[in-house]
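# Chains, contacts and geometry: an overview
Okay, here's what each chain looks like letter by letter:
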Amino acid sequence: MNQNTATLEPIKDGYNFAYLDEQTKRMIRRALLKAVAIPGYQVPFGGREMPMPYGWGTGGVQLTAAVIGESDTLKVIDQGADDTTNAVSIRSFFKQLTGVKTTESTSAASIIQTRHRIPETPLQADQILVYQVPIPEPLRFIEPSEVETRKMHALKDYGVMHVKLYEDIAHFGYIATTYAYPVRVNDRFIMDPSPIPKFDNPKMHQMRALQLFGAGREKRIYAVPPYTNVSSLDFEDHPFEIQAWEESCAICGSKDSFLDEVIIDDQGTRNFLCSDTDYCQQQVAKQAEKEEQAAEGEQDDN
Amino acid sequence: MTTSQPLLQVNQLTKLYAPGKGCEDISFDLYPGEVLGIVGESGSGKSTLLTSLSARLAPNSGDVLYLNRENNWLNLYELSETDRRYLLRTEWGVVHQHARDGLRMGVSAGANIGERLMAVGERHYGKIRSKGLQWMEDVELDVSRIDDKPSTYSGGMQQRLQIARNLVTHPRVVFMDEPTGGLDVSVQARLLDLLRTLVTEMNLAVIIVTHDLAVARLLAQRLIVMRHGKIVETGLTDQVLDDPQHEYTQLLVSSVLTP
Ligand SMILES: Nc1ncnc2c1ncn2[C@@H]1O[C@H](COP(=O)(O)OP(=O)(O)OP(=O)(O)O)[C@@H](O)[C@H]1O
Ligand SMILES: [Mg+2]
Ligand SMILES: [Zn+2]
């Protein structure tokens, strides 16, 4: 969103810049402005079809298409990784249709399109994080009627959100919800943060970057502007907690990043690895640098 | 029983779907701790009146005034919907004939009881839990079933649960539409017993709609008899049932009309 995108020239013959036509982009941007003005409020928008593989969802892609400009640098992650099939194909889709630079480095990106994770590297004020959302309505689990959920939001009638947490504790002894853990935005709207692990919830609070959420099937957009309060719902005697691991990453040794458990051989040996591949590589690089410096230091001593 | 101030004042309340269908020109007062029965044949407008009284159906005309805990008179339909909903889950309660209309069937009994507490800001799980257990006991439900869903409960148990779910915030007025309808006679009798005890212990004011004059006699001190949307007779229960003045009430009492 670094310049007036309305005048962008097509990059690929027969396709508009970033695929969507300008009218659709303008419509999405109008919805985005409203979403930013009312943090956590779900704004309906006239979503379009996007040529995406089934299962990825198109809400996030439409938002990216509406805000991306020529001078942007795009990063795409799926479950924290830049190299999954979906992440690779979306990255190449935008590269072909916009000609923008792409990157795997969190700090080098101006737009990060994500599904299921927030990068470990803290985001900055000039960045936009675009989330792909499957189910935007946090009240849907208990209230099937859209008319009623809209009313519940309007009236701040949110008692049922704690009913869900109550059920968790009653049945498991603790709050067992680990993904899509509900949050309250700007002390007002209850919001589904999309299926990110609750580990990532604290990163949303007072984030410097702009956070945009797109649900394609349900045609809803919502947003968390920079420096906005985001709190995770809980009970006084069962406070919100993030996941923690006894293990550390088998590649970079990190103890404070979100770890995926993976089976690494036919014997079923398990290993824990950073889910954020960029972060993991940065940690490895940092260590290599340190070791080099240490080695140099030793040589100097000699 | 009657203190000087009424809790609820109903003035010329009218909600009509068609001429004679609904309720028309209804006026009465309800006093703290009083149980008022609304009787009348099917289609006479009992449920329409109850729904309108309990802030869930805007009338065509007339007022419902309520004296709240802070001693302020509230005009129901001049309140914002937020305030009306707040009233409904704090100072008021509604018990539906069909438990599925009054319960959340998808969550446990404990969550059903705890919901109102959470809705008004209780954020301590342990307290919500112990109040749930306490109320299960108070309405004579097996506390070991607190984590079971209401769909696994019998009809009578579901009604008890509905009552507990409403009473947990210590409401002052409870609206009930045929709370014992559809239950076996023996189950009905036990539920009525329980209701009577709770009403007395908690000094509840109750407006109860019923087909069943026996239910009315057991619970209500005062009766309103409705026909074609209008009140045809009102008075102390024993008086109305033992010495009905209006011809329609006489038919009703003599069971010529099967309500
Ligand atoms: N939503 C509605 N739309 C149109 N007409 C309605 C509606 N609700 C009720 N009515 C009509 O209003 C009249 C009164 O209905 P109401 O349900 O209040 O009667 P009731 O006394 O509760 O009857 P019952 O004992 O069978 O429950 C009936 O003729 C009914 O058909
Ligand atoms: Mg009825
Ligand atoms: Zn790592």
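By the naming in an unreviewed UniProt entry, chain B is Phosphonate C-P lyase system protein PhnK, taken from Marinomonas sargassi.

An unreviewed UniProt entry annotates chain A as Alpha-D-ribose 1-methylphosphonate 5-phosphate C-P lyase of Marinomonas sargassi. In the Catalytic activity (unreviewed entry) part of its UniProt record, chain A is described as follows: "alpha-D-ribose 1-methylphosphonate 5-phosphate + AH2 + S-adenosyl-L-methionine = alpha-D-ribose 1,2-cyclic phosphate 5-phosphate + methane + 5'-deoxyadenosine + L-methionine + A + H(+)". The Sequence similarities (unreviewed entry) field of the UniProt record for chain A holds the comment "Belongs to the PhnJ family."

Ranked by size, the top nonpolar core spans 66 residues in total, and within it A:Tyr166, A:Phe235, B:Trp135, B:Val139, B:Ile163, B:Leu167 and B:Val206 carry the most contacts. Beyond its immediate sequence surroundings of up to four residues, B:Val206 is in contact with B:Leu30, B:Glu34, B:Val35, B:Leu36, B:Val174, B:Met176 and B:Val199. Counting residues in each nonpolar core, the second largest holds 35 residues, with A:Leu20, A:Phe45, A:Leu63 and A:Ile221 among its members.

This part takes up the site of ligand 1. Residue and element names in this part refer to chain B. Around ligand 1, a shell composed of Tyr17, Lys21, Gly22, Glu41, Ser42, Gly43, Ser44, Gly45, Lys46, Ser47, Thr48 and His211 is seen. The separation between an oxygen atom of ligand 1 and a polar main-chain atom of Gly45 is 3.0 Å. Note that an oxygen atom of ligand 1 is positioned 3.1 Å from one of the side-chain N or O atoms of His211. Burial of ligand 1 by the surrounding chains reaches 60%, relative to a free accessible area of 640 Å². Those elements giving two or more residues to the shell around ligand 1 turn out to be β2 (21-30) and α1 (46-53). Split into classes, the residues belonging to the shell around ligand 1 amount to one nonpolar, eight polar and three charged.

Moving on, we get to the packing of helix α2 (residues 59-67) of chain A against helix α3 (residues 85-98) of chain A. All names here are of chain A. Remark: α2 packs on α3, axes separated minimally by 12 Å, with the N-to-C direction vectors making an angle of 25°. In this view, α2 runs roughly parallel relative to α3, as classed from their interaxial angle. You can see that α2 and α3 cross each other, and the crossing is right-handed. On α3, the residues that touch Val61, Thr64 and Ala65 of α2 are Ile90, Phe93 and Phe94. Residues that form the contact of α2 with α3 fall into these classes: five nonpolar, one polar and no charged.

Attention now moves to the UniProt feature "domain: ABC transporter" (unreviewed entry) in chain B. Mapped onto this structure's residue numbering, the UniProt feature "domain: ABC transporter" (unreviewed entry) falls at residues 8-253 of chain B. Counted over residues 8-253 of chain B, helix gives 39% and strand 26%. Its end C-alpha atoms are 28 Å apart.

Glancing now at the interface of chain B and chain A. Taken together, the contacts link 20 residues of chain B with 20 residues of chain A. In this assembly, chain B packs against chain A so that about 1900 Å² is buried in total across both faces, 57% of it on carbon and sulfur atoms. Sorting the residues of chain B by area buried against chain A places B:Arg85, B:Arg123 and B:Tyr125 first, and these three jointly supply 37% of that buried surface. On the surface where chain B and chain A come into contact, there are four salt bridges. Residues B:Arg89 and A:Asp157 are paired through a salt bridge, measuring 2.4 Å at the closest nitrogen-oxygen approach. At the junction of chain B with chain A, the criterion picks out eleven residue pairs in polar contact (both at pLDDT 80 or more).

Cut-offs applied
Residues numbered from 1 in each chain as written. Chains lettered and ligands numbered in written order. Predicted model: local features only at pLDDT ≥ 70, side-chain atom pairs only at ≥ 80, totals over all residues. Heavy atoms only, no water. UniProt positions renumbered as here; feature names shortened; annotations may be inferred. Core = buried A, V, L, I, M, F, W, Y, C linked by side-chain atoms within 4.5 Å. Buried < 20%, exposed > 50% of the residue type's maximum accessible area, 1.4 Å probe, protein only. Contact = heavy atoms within 4.5 Å. Near = heavy atom within 4 Å. Polar contact = N/O pair within 3.5 Å; in protein donor to acceptor, adjacent residues only side chain to side chain. Areas by Shrake-Rupley, 256 points an atom, 1.4 Å probe, with all protein chains shown as cover. Helix = DSSP H or I, 4+ residues; strand = E, 2+ residues; numbered from the N terminus. Nonpolar A, V, L, I, M, F, W, Y, C, P; charged D, E, K, R; others polar. Axes fitted to C-alpha atoms, helices over the stretch in contact; angles between N-to-C directions. Parallel < 35°, antiparallel > 145°, perpendicular 65-115°, else oblique. Left-handed = near helix turned anticlockwise from the far one by under 90°. Buried area = accessible area lost by both parts, 1.4 Å probe. Salt bridge = Lys/Arg side-chain N within 4 Å of Asp/Glu carboxyl O.

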